[in-house]
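Structural overview for review
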Amino acid sequence: MMIRVAPPPLRQDVDLSKTYDAVIVGSGAAGGMAAHVLTAHGMQVLLLEAGKRLPIEQELRSMEWPYDHPRRGDAPPGSHAISFNEYTVRRPPYAKASAFRHVYSYVGGWGGSDYVKNILVDEKDHPYTGTRYAWVRARALGGKTNIWGRLALRLSDYDFKAKAHDGYGEDWPISYADLAPYYDKVDLYLGISGVKESLPHLPDSLFQRPTKLNVAEVQLRERMARMGRVVTPYRAGVTTDGLKHNKYRSKCFGRGACSRRAGGCDIHAAFDSPTGLIYPAMDTGRLTLRTNATAYEVLVDRNSGRARGVAFLDSETRKAYEANGKVVILAASTLESARLLLLSRPRQHPNGIGNSSGHVGHNFCEHVMGPGVTGLVKELVGKPHTLDDGRPGGFYVPRFRNLKDRQPGFIRGYGFEGSSGHSMFPAHTMETPGFGAQFKKTVRDYAGAFISMGGFGEVLPRYESHVDLDPAEQDRWGIPVLRFHYQFGDNERKMAEDMATTAREMFEAAGIEVIGVDREILTEGWSIHELGTARMGRDPKTSVLNQFQQSHDVRNLFVVDGSSHVSASCQNPTWTIMALAWRSCDYLAEELRNGSL
Amino acid sequence: MTDLSRRDMIAATAAALVTPLLPAAPVIAQRPARFLTPAEFALLDELTELIIPTDEHSPGARAAGVAGYIDGQLAESLDPEWQARWRAGLQAVEALARELHGKAFLESMPDQRIAVLTRMAAAEGFFGELKLRTVHGYYTSKIGIHMDQAYKGNVYQRGDYAGFDAT
């Protein structure tokens, strides 16, 4: 049915004697994009990934029925996913005293934990300390793109120029016009599905065929239009028409596996970094991949203070190696890249490389989650069961707060992700009281009649929201771990209250019976959208990177992941991470050609 | 699932539709017990069927092998406290049946069994766990997914996806 090609062969005995044009740390969205763009420019690139290259199709097994799995998809006994309650009542390191053999972040508790047990890190090996934080990490080729949520949104000048609007924080050193051509490139190279809405605050992409809204969602869309609010089909980083230039990826066939589990697509219709970016880059003959390479330091030339490479441990043997490059590119994730900068303290950079501003690890931000609403569409009760989940996502409600209006309690905004209709496992079984024939019939009659949505709100970057190195705690490899100093503030709490209020208000206006409103804020980190620990800016005193994600202090050091973001926006960051990385790597290649690096 | 196999499955469980009125021995479960004793397993099998019974629409938890699924989980578990809670929970069902009706649960009449379960459902404790595992086992089974829910997904779709066009 599909034409997919096996990945290129993998060798661990890579040549570390030569000096590569660039050494990249991390193979997720940012590192994969850097590898793609730089090899396309003819550069010789070494890509380091701390995890393994998994036989990912065998891990994900997207279409395996629950009853064909010995534990109905559960991970083996002795595995445990940290619950919301544990994150709330306990403090990091959460897995330290655990009696379980393996402990995973909360994502490991979503349907089918057996399918992500080798993708998510074991929290026992990867402790962190400080304030409460639900840190979700994936160490494997492709990182979190193996299981990401697929919502692919653009930012706008409402984000890049937010300070000009409300006076808070810093503006980005770029505007939408600078990034728009690169969003276009990402759209065309990787594929995105959605519907044009012509919103100034949520610019349209170059969309492939959209997925459709089901009957309850259409009802919500029509009623919301009267309120001036938008309900649009999920903008998914999924190719629905296929990509002629990529032999590793199939188009989407609406199998619905992505919504049933933690994510993941074994035909790679949903973007993931290995098939979307890394394998095509390897096919150029210019990309060398070294997996099981745990980077622990950016190496610096003793005389010039310039970056000369990366020191890493083999993740299994723990043997130390050095990789040499003319340029070093960090793409290890917002928090891991900050950790690497802080870990690299040569004589010339006593506070960590690239950290003359003292801003590395600071201005940490993300999205606040929790508030939302569940409703019942009474007209759908007892109707024949329809296919509603055969699509990469349900719907998205773009931000509507603090655009033209000024909310008294908070600045910035939030959007909602939602879905409705039938899925493999019926909704609200445990909330249905009683037992017996009536219970069974009620579950059956109501299964497709529920609709729900939850908010994602912009968390303000604050200097005091930061991570640093814990002086005492180390990970399994003996590397100092991160310590969090981060919690939601008053703006987030007020915003979250408003989210719950407007969520209810929208369902009521749409004629949907509200059966539950969530007001509780989920633990910091829950959104998996951590951003801003090495922000860009024009002033080297208050920012770490320039507009091309290039260190102000060290010209041949770049940090191309979410750590560069100046503010969180309320839109999901993956597409912006990739557009920025593409733009920066175009600049980098030109500078290298000019001899300016 | 094809229509043919769906019909086969209904036929295979037709017997279950007419037997529950008699306090006869329960239909033999599909999977041998691994943690529970035969008596405990028979009790659990009946409890799951009372929670999700066979009706005119679809077979119930017994036909779906829910007790076997739960017993498998108990057998594999590394948590002796959880195993002990299940054993104690099943013993409490027996104790309640004797208290209310003076006989073992499986020797009680159908309405007496329902009375026991109704009492349990009104209280905190074992019933919640029993129902949770029964529901999970049933709706992840072939019968639950394909017959009861008539789930249409997890297939390669041709053309556009289901739903109403918003464009």
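These numbers were taken from a predicted model, which means no experiment stands behind them.

1. With respect to the domain arrangement of chain A
Residue and element names in this part refer to chain A. Assigned domains of chain A: these are domain 1 (15–53 + 140–191 + 271–366 + 460–486 + 530–597) and domain 2 (196–260 + 369–458 + 489–523). Centre-to-centre separation of domain 1 and domain 2, based on C-alpha positions: 32 Å. For the side of domain 1 that touches domain 2, the secondary structure elements donating two or more residues are α5 (162–166), α6 (176–190), α9 (273–282) and α13 (574–594). A per-element tally of the side of domain 1 that touches domain 2 places α6 first, with six residues.

2. A look at unusual backbone geometry
The residue after Pro 92 of chain A, namely Pro 93 of chain A, is reached through a cis peptide bond having omega 0 degrees. By secondary structure assignment, the location of Pro 93 of chain A is in the loop between α3 (84–89) and β4 (102–104). Backbone geometry places Arg 150 of chain A, a non-glycine residue, at a positive phi of 75 degrees. According to the C-beta neighbour criterion, Arg 150 of chain A is buried, with 24 such atoms within 10 Å. Although it is not a glycine, Ala 150 of chain B adopts a positive phi angle of roughly 50 degrees. On the secondary structure map, Ala 150 of chain B appears in the segment after α8 (142–148).

3. Section: the sheet that holds strand β5 (residues 129–130) of chain A
Residue and element names in this part refer to chain A. The sheet built from three strands is open, its strands ordered β5-β16-β15 with mixed pairing. The sheet terminates laterally at β5 and β15 (466–474), the two strands that pair on one side only. Sheet analysis places β5 next to strand β16 (residues 480–485), joined by two bridges and oriented parallel. Along β16, the bridge assignment pairs Thr 129 with Arg 483. Contacts between helix α10 (residues 334–343) and the sheet are confined to β15 and β16, with β15 contributing the most and set at about 65 degrees to the helix.

4. A look at the interface of chain A and chain B
Counting from both sides, the interface comprises 40 residues of chain A and, opposite them, 37 residues of chain B. Looking at the side of chain A that touches chain B, the elements with two or more residues in it are α7 (215–227) and α11 (437–446) of chain A. Considered class by class, the residues forming the side of chain A that touches chain B number 20 nonpolar, 11 polar and nine charged.

5. Some details on the nonpolar core
One recurring pattern in soluble globular proteins: nonpolar side chains tend to sit buried together. Residue and element names in this part refer to chain A. Counting residues in each nonpolar core, the largest one holds 166 residues, and the members touching the most others are Ile 24, Ala 34 and Leu 48. In terms of residues, this core owes the most to one element, α13, which gives 10 residues. Summarising the domain contributions, this core has at least three residues from each of domain 1 (15–53 + 140–191 + 271–366 + 460–486 + 530–597) and domain 2 (196–260 + 369–458 + 489–523). The contact partners of Leu 48, leaving out residues within four places of it in the chain, are Val 23, Ile 24, Val 25, Arg 290, Ala 293, Ala 295, Val 310, Phe 312 and Ala 323.

6. Examining helix α1 (residues 29–40) of chain A
Residue and element names in this part refer to chain A. In this model α1 runs 16 Å from its N-terminal to its C-terminal C-alpha over 12 residues, within 8% of the 16 Å that 1.5 Å per residue would give. Of all the 12 residues making up α1, 11 are buried; the element is thus mostly covered by neighbouring parts of the structure. On its buried side, α1 packs onto β1 (19–25), β2 (45–48), α9, β7 (287–290), β10 (320–330) and α13.

7. Structural notes on the sheet that holds strand β12 (residues 395–397) of chain A
Residue and element names in this part refer to chain A. Taken in spatial order, the six strands make up an open sheet running β6-β12-β13-β14-β11-β17, and their pairing is antiparallel. Both edges of this open sheet fall to β6 (232–233) and β17 (513–518), since each of them pairs with a single strand only. Bridge count for strand β11 (residues 367–376) against strand β14 (residues 450–458) is eight bridges, and the pairing is antiparallel. Paired with Val 373 across the bridge in β14 is Met 453. Contacting β11, β13 (414–420), β14 and β17, helix α12 (residues 490–509) runs over the sheet at an angle of about 20 degrees to β11.

8. Re the confidence of the model for chain B
All names here are of chain B. Averaged over all residues, the pLDDT of chain B is 84; the fraction at 70 or higher stands at 78%. Residue range residues 1–29 is modelled with pLDDT below 50. Its contacts to residues more than four positions away, or to other chains, number 33 contacts. Overall fold confidence for the complex sits at a pTM of 0.94, while the interface term, ipTM, reaches 0.93.

9. Digging into helix α6 (residues 110–122) of chain B
Residue and element names in this part refer to chain B. Over its 13 residues, α6 runs 19 Å from end to end, which matches the ideal 18 Å to within 8%, given 1.5 Å per residue. Of the positions making up α6, those classed as buried are Arg 113, Val 116, Leu 117 and Met 120. Viewed end-on, α6 has its buried residues packed into an arc of 90 degrees, placing them on one side of the element. Residues of α6 that are exposed and angled more than 90 degrees away from the buried face: Asp 111 and Ala 122. In this structure, the buried side of α6 is in contact with α3 (38–51), α5 (80–101) and α7 (126–139).

10. Some points on the pairing of β7 of chain A
All names here are of chain A. Residues Leu 287 and Leu 289 of β7 are buried on one face, and the alternating residues Thr 288 and Arg 290, pointing to the opposite face, are buried as well. Bridge count between β2 and β7: four bridges; the pairing is parallel. Looking across to β7, one finds that Leu 48 is bridged to Arg 290.

Criteria and cut-off values
Residues numbered from 1 in each chain as written. Chains lettered and ligands numbered in written order. Predicted model: local features only at pLDDT ≥ 70, side-chain atom pairs only at ≥ 80, totals over all residues. Domains from an automatic or database assignment. Helix = DSSP H or I, 4+ residues; strand = E, 2+ residues; numbered from the N terminus. Buried ≥ 20, exposed ≤ 12 C-beta atoms within 10 Å, placed from the backbone. Pairing = 2+ DSSP bridges. Contact = placed C-beta atoms within 7 Å. Axes fitted to C-alpha atoms, helices over the stretch in contact; angles between N-to-C directions. Nonpolar A, V, L, I, M, F, W, Y, C, P; charged D, E, K, R; others polar. Core = buried A, V, L, I, M, F, W, Y, C linked by C-beta atoms within 7 Å. Expected span 1.5 Å × (residues − 1). pLDDT = per-residue confidence, 0-100. Arc of directions from axis to C-beta.

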